[in-house]
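# Per-entry structural report
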Amino acid sequence: EAPRTVGSDQLLLVKTAPLHVRTVFGAVVNELLPKGFEHTSANILQPDTMHSGDIYELHGNASSREINDIPLEFYTLEPHREDVFFRVRDQLQADLEEPERVFAAFKTAPHEGQAAVFVVKGHQMRALEPSDWVQRDLTMYEFPGAAQLARQALMVERYIKKQAAYPFLTAMEDGLITSQGVLFSRYLPSPLLKRLLLSDACHRLIKGIYFEQPSASEGDFFSAEDRALLHDLAKFGIPIHWVDRNLNQISLYVPRHGRDCGMFVPPDKVSRFMRATFFGVYGSNLLHFDIENELKALLQGVEEMKQEMKHPLLNADTPLALVSGGGPGAMEMGNRVAKELGILSCANIIDFRPRAGGFINEQLQNPYVEAKMTYRLDYLVERQAEFHLDFPIFLAGGIGTDFEYSLEEVRKKTGTSPPYPILLFGPIEYWRKKVTNRFQCNLATGTIRGSEWVSNVFYCVQTAAQALKVYRAFFEGTLPIGPQFPLFEEGFGII
């Protein structure tokens, strides 16, 4: 009940009922105050306090007039519409290059269901909380298929809208998000979001996608549609990063040059991956091989040979990579040797978890893999097709290895793979039993007429010295290999 007047050189504090403005800002409008009154510069009412409007600080000239009303105007700020370019976000870029900060950001995601958040600032990334993420359930949809196209379209549209990333993508298209940033998502975005992800607005604003798992239903394994999405995003220049807790690293998806496939590669090894000549090891996941020293000597010999060769595939400026199936046995040995020698250790890993009605020895990923791609079991043939090895090396193996051997033969026969030498490592008698009978049967019946020459790309060796002899002759251009040279009667050559 005190008089609310202000004298010269005085400050009048007026206490009012608390005003919780919740989602907007307020400001005292000086020009609407009674004549002689002014508010101090602390005139902003913030939405993040429960007591905005509690105390007002007034000053002015001597006036006998009382103040009975404090005029306020309210307004909103939309910080997500700042239209900030990713290249000027130094703090955000620095944080994204620190794996522990990215892992810490993902730990703030809700524990269940899909979750996604669009990050435009380093401060935002560091301060993420579960409530910042958009969360959706994992309801699986059964699509009716082409027989019911209208219902199919409706179900697909409903499924798309259920995706955690959907609100961010539509906000970009609608102009509600205008700053560039990165999308964090627990799972790789659904391939059904491709239209949105590659739209003009989203393509302009999304400067990276980070995900923890390829699939909610299949865990660490990608479908063919997933891999097609990865390749399309990479073509459009959108980096895709796997926040891989299994390897405790963040890997970037990198397409193979001239191939419709790629792998997730540690950022510091991307240049090597893109320029590498690819060797590979095929063989059983059940056997323990005692040729590790020979394989190491072979790859060391190739590394040394690089310094004197000028071949496009082998020279001082071309790094080496070795690819396996990523499992135990022969594959683990190959990856271990590669990693020990500083050769990029890669794997095409397939989901070999047991299925009803089949017998598959489950193959756990070996710990020596640095770069990888994963596949679901129903895409086994696609996985084999994407090895794209320059120089395969076969060890003893079973049905899977036989399949891989046949595919390499077909590649040579059809010209999808050039006639480069393939090594058969092990006893001559083993490879005679495995290869010779089938080759001579095909030869006798005329079923390989015109492609008998394929036999001259296979060379049986037992030591690193023999293998290096084959490679040296090839890189020097003196190896009799290809359609213009004679076949080998036993289906392979013996060194």
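Above: the structure in question.
Along every chain, residues carry numbers that run from 1 in the direction the sequence is written. It should be noted that, the model being predicted, local features are given only for residues of pLDDT at least 70 and side-chain atom pairs only at 80 or more, the latter also being counted only at that level, while totals for whole chains, interfaces and linings use all residues. Only heavy atoms go into the side-chain values, all of them from the structure, while hydrogens and water stay out.

Each helix corresponds to a stretch of at least 4 residues labelled H or I by DSSP, and each strand to a stretch of at least 2 residues labelled E; elements are numbered beginning at the N terminus. Looking only at helices and strands, the chain features 15 helices and 23 strands. A radius of gyration in this sense is built from C-alpha atoms; the matching globule rule multiplies 2.2 Å by the number of residues raised to 0.38. Taken over C-alpha atoms, the radius of gyration comes to 33 Å for the chain, far larger than the 23 Å a tight globule of 495 residues would show. Taking the principal axes of the C-alpha coordinates as reference, the chain spans close to 120 × 60 × 35 Å. Out of the 495 residues belonging to the chain, those deemed buried represent 51%. Only protein chains enter the accessibility calculation, which uses a 1.4 Å probe. A residue is then buried if its area is under 20% of the maximum for its type, exposed if over 50%, and partly exposed in between.

Let us look at the sheet that holds strand 2 (residues 25-28). Pairing between two strands is assigned when DSSP locates at least 2 bridges connecting them. Pairing is antiparallel in the open sheet, where three strands are placed in the order 4-2-6. Edge strands, defined here as strands with exactly one partner in the open sheet, are strand 4 (44-45) and strand 6 (72-75).

Take the sheet that holds strand 5 (residues 55-60) next. Sheets are built from strands paired through backbone hydrogen bonds, the pairs being either parallel or antiparallel. Read across the sheet, three strands follow the order 1-5-3 without closing on themselves; strand pairing throughout is antiparallel. The outermost strands of the open sheet, each flanked by one partner alone, are strand 1 (12-15) and strand 3 (37-39). The sheet shows a mean angle of 40° between the axes of neighbouring strands, direction not considered. With four bridges joining them, strand 1 and strand 5 adopt antiparallel strand pairing. Counterpart to Val 14 in the pairing with strand 5 is Tyr 56. Axis lines are fitted to C-alpha atoms, over the contacting stretch for helices. Their N-to-C directions set the angle, which ranges from 0 to 180 degrees.

Its location among the elements puts Gly 301 in helix 10 (residues 292-306). With relative accessibility at 11%, the residue Gly 301 sits in the buried group. Sequence separation between Gly 301 and Ser 64 is 237 residues, and the spatial gap between their C-alpha atoms is 99 Å.

Only residues whose relative accessible area exceeds 30% and that form no salt bridge are eligible for patches; like-charged ones are grouped when within 9 Å, while nonpolar side chains (Val, Leu, Ile, Met, Phe, Trp, Tyr) are grouped when within 5 Å. Note on areas: Shrake-Rupley with a 1.4 Å probe; residue coverage comes only from the protein chains shown. Take a side-chain nitrogen of Lys or Arg and a carboxyl oxygen of Asp or Glu: if they are within 4 Å of each other, that pair is a salt bridge. On the surface, a cluster of nonpolar side chains totalling about 310 Å² of accessible area is made up of Leu 11, Leu 13 and Ile 55. Topologically, Ile 55 is positioned in strand 5. Judged by relative accessible area, which is 46%, Ile 55 ranks as partly exposed.

Right, let's get into the pattern of salt bridges. Overall, the coordinates contain 22 salt bridges when judged by the stated rule. The residue Arg 101 makes a salt bridge to Asp 95 at a minimum N-O spacing of 3.3 Å. Given the relative accessible area of 35%, Arg 101 is considered partly exposed. Between Asp 232 and Lys 194 there is a salt bridge, with its nearest N and O atoms 2.7 Å apart. Within this pair, whereas Asp 232 is found in helix 8 (residues 224-235), its partner Lys 194 is found in helix 6 (residues 194-197), the two being separated by 38 residues in sequence. You can call Asp 232 partly exposed: its relative accessible area is 24%. The network of salt bridges with common partners includes Asp 95, Arg 101 and Arg 126.

The next subject is the nonpolar core. Across soluble globular proteins, you tend to see nonpolar side chains buried next to one another. In terms of nonpolar packing, the biggest core is built from 104 residues, with Leu 298 and Tyr 471 touching the most fellow members. Sort the elements by how many residues they give to this core and helix 15 (residues 464-475) lands first, with eight residues. By size, the runner-up hydrophobic cluster in this structure holds 19 residues, among which are Phe 106, Val 117, Val 119 and Ile 250. What makes a nonpolar core is a set of buried Ala, Val, Leu, Ile, Met, Phe, Trp, Tyr and Cys residues whose side-chain atoms join them at distances within 4.5 Å.

Glancing now at helix 2 (residues 99-107). A turn of α-helix holds 3.6 residues, and therefore any two residues three or four places apart point the same way. Those residues of helix 2 not exposed but buried are Val 102, Phe 103, Ala 105 and Phe 106. With its buried residues spanning 155° around the axis, helix 2 presents them on a single face. When we speak of the arc, we mean the arc of directions from the helix axis to the C-beta atoms.

Structurally, Leu 196 is set in helix 6. For Leu 196, a relative accessible area of 2% puts it in the buried group. Residues Leu 196 and Leu 344, 148 residues apart in the sequence, show an inter-C-alpha distance of 35 Å. Contact definition: two residues touch when any of their heavy atoms are within 4.5 Å. Setting aside its immediate chain neighbours within four residues, Leu 196 contacts Ile 160, Tyr 166, Leu 169, Glu 173 and Cys 202.

Right, let's talk about unusual backbone geometry for a bit. Residues other than glycine seldom take positive phi values, yet Asn 248 does so here, at roughly 55°. Classification of Asn 248 as exposed rests on a relative accessible area of 59%. One non-glycine residue, His 388, adopts positive backbone phi at about 50°. Tracing the chain through its elements places His 388 in the loop between helix 12 (380-385) and strand 20 (391-394).

Structurally, Glu 386 is set in the loop between helix 12 and strand 20. Assessed through its relative accessible area of 16%, Glu 386 is described here as buried. A polar contact is formed between the side chain of Glu 386 and the side chain of Tyr 375, at a distance of 2.7 Å. In protein, a polar contact requires one atom able to donate a hydrogen and another able to accept it; more generally it is a pair of N or O atoms within 3.5 Å, and residues adjacent in sequence count only if both atoms are side-chain atoms.

Residues of strand 20 alternate between two faces, with Phe 391 and Ile 393 on one and Pro 392 and Phe 394 on the opposite face, all of them buried. Relative to strand 21 (residues 422-425), strand 20 is paired through two bridges, and the arrangement is parallel. Opposite Ile 393, over in strand 21, you have Leu 423 as the bridge partner.

Time to look at the packing of aromatic side chains. Aromatic rings from Phe, Tyr and Trp, with only the six-membered ring used for Trp, were paired whenever their centres fell within 6.5 Å, and each pair was classed as stacked if the ring planes differed by under 30 degrees, edge-to-face if by over 60, and tilted otherwise. Throughout the structure, instances matching the rule amount to 27 aromatic pairs. Between Phe 222 and Trp 242, the aromatic rings sit 5.4 Å apart at their centres with planes inclined by 90°, giving edge-to-face as the arrangement. Here Trp 242 lies in strand 11 (residues 240-244) and Phe 222 lies in the loop between strand 10 (206-213) and helix 8, a separation of 20 residues in the sequence. With a centroid separation of 5.3 Å and an interplanar angle of 70°, the aromatic rings of Phe 474 and Phe 475 are classed as edge-to-face. For Phe 474, a relative accessible area of 11% gives the class buried. Feature note: the residues Phe 279, Phe 391, Tyr 420, Tyr 471, Phe 474 and Phe 475 constitute an aromatic cluster, connected by ring pairs.

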